[in-house]
Amino acid sequence: MNNNKTLMTDFYELTMAQTYFNEGKKDQQVYFDIFFRKNPFDGGYTMSGGLEETIDFIKNFKFGEEEIDYLKSLGVFNEKFLNYLKDLKFKGDVYAVPDGTAVFPNEPVLTVKADIVTAQLLETALLANFNHGSLVTTAAKRITNEAGNIPVMEFGARRARGIDSAIEASKHAFVGGCVGTSNTYAGMKYNIPVLGTMAHSLVTDCEDEYDAFLEYAKSNPDNCLFLVDTYDTLRSGIPNAIKVANDYLKPNGYPFKGIRIDSGDLAYLSKEARKMLDEAGYPDAKICLSNGLNEYSIRDLLKQGAVIDSIGAGDNIAAPKERVGGVYKLVAVEEKDKIIPKIKVSDDTAKTINPGRKIAYRFYDLETGYAIGDVLALPDEIIPDKKYTLVHPVETWKKQEIENYRKRQLQEPIFINGELVYEQPDLKERQKYCDEEFKTLYPEVTRINEPHEYYMDLTDKLRELKNQLIEMHKNKTDKPKQLVKRVNETRKTK
């Protein structure tokens with residue numbers, strides 16, 4: 001099987017695409033937005049990710065002979081539609097926020113303008129890229145933020161949801177602030193620093209813990225960071241590590257890099273370990289802590305005075321028990337060169353989308369540099385440069401007047417008329433950008449417990465349009481209900 005991933009799409013998207021084609025709609029231009037409704041981890045922000053994978057997917061979007069033969073074998077698609085797919089290429093526009101941008105619920109992170117068949121077929125892949133990339137980048141940023149100046153290594157490959165997921169997670173974790181990864185393939189592919197210590201298996205394979213450490217030291221004399229908790233951290237592990245340092249490393253001029261503790265009371269053990277290492281004459285030996293650490297446990301360890309020189313974090317970065325929940329919704333269609341807004345209405349107000357082609361702007365306080373809030377506007381609106389009133393999109397009595405700000409348009413052009421126009425920054429540049437983005441958020445927004453809700457508002461014009469479309473939808477749905485009511489009343493009188 002070839003490596004073409006174009007069929008990485010839900011089957012219903014293909015059946016809908018055939019419907020559009022059969023109904024003569026294949027050339028209709030439409031707009032789809034990717035957005036999400038709730039920050040993961042009950043947090044106050046999300047750091048976007050997955051754009052690089054989306055660019056690669058769109059660049060290689062093509063139905064080859066193998067894909068067409070498979071679709072034909074299903075007996076669902078007609079010959080004309082399959083012939084159409086053979087020549088289908090992406091010819092539309094994509095606008096998106098760069099990887100590492102701080103984003104918030106209900107604002108467009110990525111917008112696709114294309115013919116309705118192509119736009120529909122992109123849905124699954126684009127959502128998979130955004131949801132995974134943003135989840136891992138956000139998880140990494142939450143952990144590295146709580147760690148402060150303590151370097152965090154991503155150790156999550158074995159906990160990830162498959163090989164490809166693990167490789168991409170290492171990249172997103174690096175953007176989110178990790179200093180390196182244990183994943184050697186990701187290191188080779190993305191030029192991420194590769195890091196690691198040793199495993200318990202080397203210790204249990206040997207007759208004696210001292211012998212295991214000595215073997216490791218002889219094979220890795222310049223990188224001796226011993227895993228000391230296989231049997232007893234304080235009575236066995238650390239004393240044996242010190243003994244090997246005294247017997248082999250120091251006499252031969254090699255550094256004793258330090259120890260890793262992977263179990264037990266990490267706060268207590270790290271403090272005792274520091275005392276033992278210092279008393280043995282190794283004040284420069286480092287202490288690495290691991291064992292399922294997340295932002296909450298790191299915060300608590302630091303409060304308890306734990307001595308931490310580095311952190312190894314695995315499943316809580318590469319495979320967190322959370323989701324971003326990004327969705328891909330039709331927001332507008334083009335008819336006679338006019339953009340006609342569309343809306344999806346739900347009894348759950350959180351699921352009623354913001355309609356139409358929109359521009360997302362962010363306001364920054366000129367004195368502090370902090371992001372004040374975002375506003376969604378229609379394309380023809382002009383946002384003033386000197387004074388603006390942010391108004392909550394639902395609870396309109398909540399208002400904030402702002403002055404002395406600069407504004408920024410969040411989305412950037414990625415593809416125009418099918419041509420890639422965006423120059424992807426390298427990974428270190430993305431990491432730096434993500435860090436700079438994060439620093440623009442108020443601490444109240446980034447705290448891990450009960451964060452402040454970031455302002456994400458609509459212009460008056462967009463809010464009015466949304467209310468009009470909701471009212472139009474309500475009138476449409478009320479007519480059948482009224483008809484049923486009249487029929488029932490007539491039956492009762494009879």
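Look above for the structure.
Quick notes on the rules
- Residues numbered from 1 in each chain as written.
- Predicted model: local features only at pLDDT ≥ 70, side-chain atom pairs only at ≥ 80, totals over all residues.
- Heavy atoms only, no water.
- Helix = DSSP H or I, 4+ residues; strand = E, 2+ residues; numbered from the N terminus.
- Buried < 20%, exposed > 50% of the residue type's maximum accessible area, 1.4 Å probe, protein only.
- Contact = heavy atoms within 4.5 Å.
- Areas by Shrake-Rupley, 256 points an atom, 1.4 Å probe, with all protein chains shown as cover.
- Lys, Arg positive; Asp, Glu negative; His and termini not counted.
- Charge placed at Lys NZ, Arg CZ, Asp CG, Glu CD.
- Phe/Tyr/Trp six-rings, centres within 6.5 Å; stacked < 30°, edge-to-face > 60°.
- Lys NZ or Arg CZ within 6 Å of the ring centre and 35° of its normal.
- Pairing = 2+ DSSP bridges.
- Axes fitted to C-alpha atoms, helices over the stretch in contact; angles between N-to-C directions.
- Core = buried A, V, L, I, M, F, W, Y, C linked by side-chain atoms within 4.5 Å.
- Expected span 1.5 Å × (residues − 1).
- Arc of directions from axis to C-beta.
- Polar contact = N/O pair within 3.5 Å; in protein donor to acceptor, adjacent residues only side chain to side chain.
- Parallel < 35°, antiparallel > 145°, perpendicular 65-115°, else oblique.
- Left-handed = near helix turned anticlockwise from the far one by under 90°.
- Nonpolar A, V, L, I, M, F, W, Y, C, P; charged D, E, K, R; others polar.
- Salt bridge = Lys/Arg side-chain N within 4 Å of Asp/Glu carboxyl O.
- Right-handed = clockwise from strand over helix to strand, strands pointing away.
- Patch = residues over 30% accessible without salt bridge, like charges linked within 9 Å, V, L, I, M, F, W, Y side chains within 5 Å.

1. Overview of the overall build of the protein chain
Next up, step 1: In terms of regular secondary structure, the protein chain is built from 17 helices and 21 strands.
Next up, step 2: Taking the principal axes of its C-alpha atoms as reference, the protein chain extends roughly 95 × 60 × 55 Å.
Next up, step 3: Within the protein chain, buried positions represent 51% of all 494 residues.
Next up, step 4: Expressed as a percentage of contacts within the protein chain between residues at least 6 apart in sequence, the contacts between residues at least 24 apart total 72%.
Next up, step 5: Accessible surface, the protein chain: about 24400 Å² in total, of which carbon and sulfur atoms supply 48%.
Next up, step 6: Positive and negative side-chain charges of the protein chain, numbering 67 and 76 respectively, have mean locations separated by a distance of 7 Å.

2. Section: the packing of aromatic side chains
Next up, step 1: Counted under the stated rule, the structure contains 19 aromatic pairs.
Next up, step 2: Seen from their ring centres, Phe21 and Tyr84 are 5.1 Å apart, and the 35° between their planes marks the pair as tilted. Separated by 63 residues along the polypeptide, Phe21 in helix H1 (residues 11–22) and Tyr84 in helix H4 (residues 79–86) bring together distant segments of the chain.
Next up, step 3: Between Phe104 and Tyr454, the aromatic rings sit 3.8 Å apart at their centres with planes inclined by 10°, giving stacked as the arrangement. Remark: Tyr454 occurs in the loop between helix H16 (443–446) and strand E21 (455–458) and Phe104 occurs in the loop between strand E4 (102–103) and strand E5 (110–115); sequence separation between them is 350 residues.
Next up, step 4: Under the relative-accessibility criterion, Phe104 is labelled buried at 1%.
Next up, step 5: Lying across the ring of Tyr95, Arg357 places its NZ or CZ 4.9 Å from the centre.
Next up, step 6: The positively charged end of Arg406 is found above the aromatic ring belonging to Tyr364, 4.0 Å away from the centroid.

3. Side note on the sheet that holds strand E15 (residues 371–377)
Paired through their backbone hydrogen bonds, the strands of a sheet run either parallel or antiparallel.
Next up, step 1: Spatially, the four strands line up as an open sheet ordered E18-E14-E15-E21, and their pairing is mixed. Because the sheet does not close on itself, it has two edges, and the strands there are strand E18 (405–409) and E21. Taken over all neighbouring pairs, the strand axes of this sheet differ in orientation by 25° on average, direction set aside.
Next up, step 2: Where strand E14 (residues 359–365) and E15 come together, six bridges link them in antiparallel fashion. Across the sheet, Tyr364 pairs through a bridge with Ala371, a residue of E15.

4. Some points on the nonpolar core
Next up, step 1: Residues Phe63, Leu85, Val112, Leu121, Leu122, Leu126 and Tyr328 are the most contacted members of the largest nonpolar core, which totals 58 residues.
Next up, step 2: Counting residues per element, this core draws most heavily on helix H6 (residues 123–147), which supplies six residues.
Next up, step 3: With near-sequence residues (within four places) excluded, Phe63 lies in contact with Thr6, Leu7, Leu14, Ile68, Leu71, Leu85, Lys86, Leu88 and Leu121.
Next up, step 4: In terms of nonpolar packing, the next biggest core, distinct from the first, is built from 53 residues, Tyr210, Tyr216, Val228 and Ala306 among them.

5. Looking at helix H15 (residues 427–439)
Next up, step 1: Taking 1.5 Å per residue as the helical rise, H15 with its 13 residues ought to reach 18 Å, and the 18 Å between its terminal C-alpha atoms agrees with that figure.
Next up, step 2: Along H15, the residues that are buried comprise Leu427, Arg430, Cys434, Glu437 and Phe438. The buried residues of H15 all sit within an arc of 95° when viewed along its axis, so they share a single face. Across H15 from its buried face, at more than 90 degrees, point the exposed residues Lys428, Lys432 and Lys439.
Next up, step 3: Between the side-chain oxygen at the start of H15 and the backbone nitrogen of Lys428 there is a gap of 3.2 Å, and the oxygen is on Asp426.

6. Side note on the packing of H6 against H15
Next up, step 1: Here H6 crosses H15 at 65°, and the two axes come no closer than 12 Å. Considered as vectors, H6 and H15 are oriented roughly perpendicular to each other. Crossing handedness for the pair H6 and H15: right-handed. Mapping the contact onto sequence places Thr137, Lys141 and Asn145 in H6 and Cys434, Asp435 and Phe438 in H15.
Next up, step 2: Class assignment of the residues belonging to the contact of H6 with H15 gives a composition of two nonpolar, two polar and two charged.

7. Thoughts on the pattern of salt bridges
Next up, step 1: One pass over the full model with this rule turns up 29 salt bridges.
Next up, step 2: Notably, a salt bridge pairs Arg430 with Glu52, separated by 3.1 Å at the nearest N-O pair. You can see Arg430 sitting in helix H15 and its partner Glu52 sitting in helix H2 (residues 51–59), a full 378 residues away along the chain. No difference in accessibility class separates Arg430 from Glu52, as the two residues are buried.
Next up, step 3: A network of salt bridges, in which partner residues are shared, links Glu52, Glu53, Asp99, Glu168, Lys171, Lys189 and Arg430.

8. Section: the pairing of strand E9 (residues 258–261)
Next up, step 1: Burial along E9 is two-sided: Gly258 and Arg260 and Ile259 and Ile261, pointing in opposite directions, are all buried.
Next up, step 2: Strand direction decides the pairing type here: strand E8 (residues 225–227) and E9, joined by three bridges, are parallel. Note that in E9 the partner of Leu225 across the bridge is Gly258.
Next up, step 3: Handedness of the E8-helix H11 (residues 233–249)-E9 crossover: right-handed.
Next up, step 4: Here four bridges tie E9 to strand E10 (residues 286–289), and the two strands are oriented parallel to one another.

9. Here's the deal with a nonpolar patch on the surface
Next up, step 1: A cluster of nonpolar residues, Phe11, Tyr70, Leu74 and Val76, forms a patch on the protein surface that exposes about 350 Å² of accessible area.
Next up, step 2: Within the element layout of this structure, Tyr70 appears in helix H3 (residues 65–73).
Next up, step 3: Judged by its relative accessible area of 46%, Tyr70 falls in the partly exposed class.

None of this, on its own, says anything about what the molecule does.
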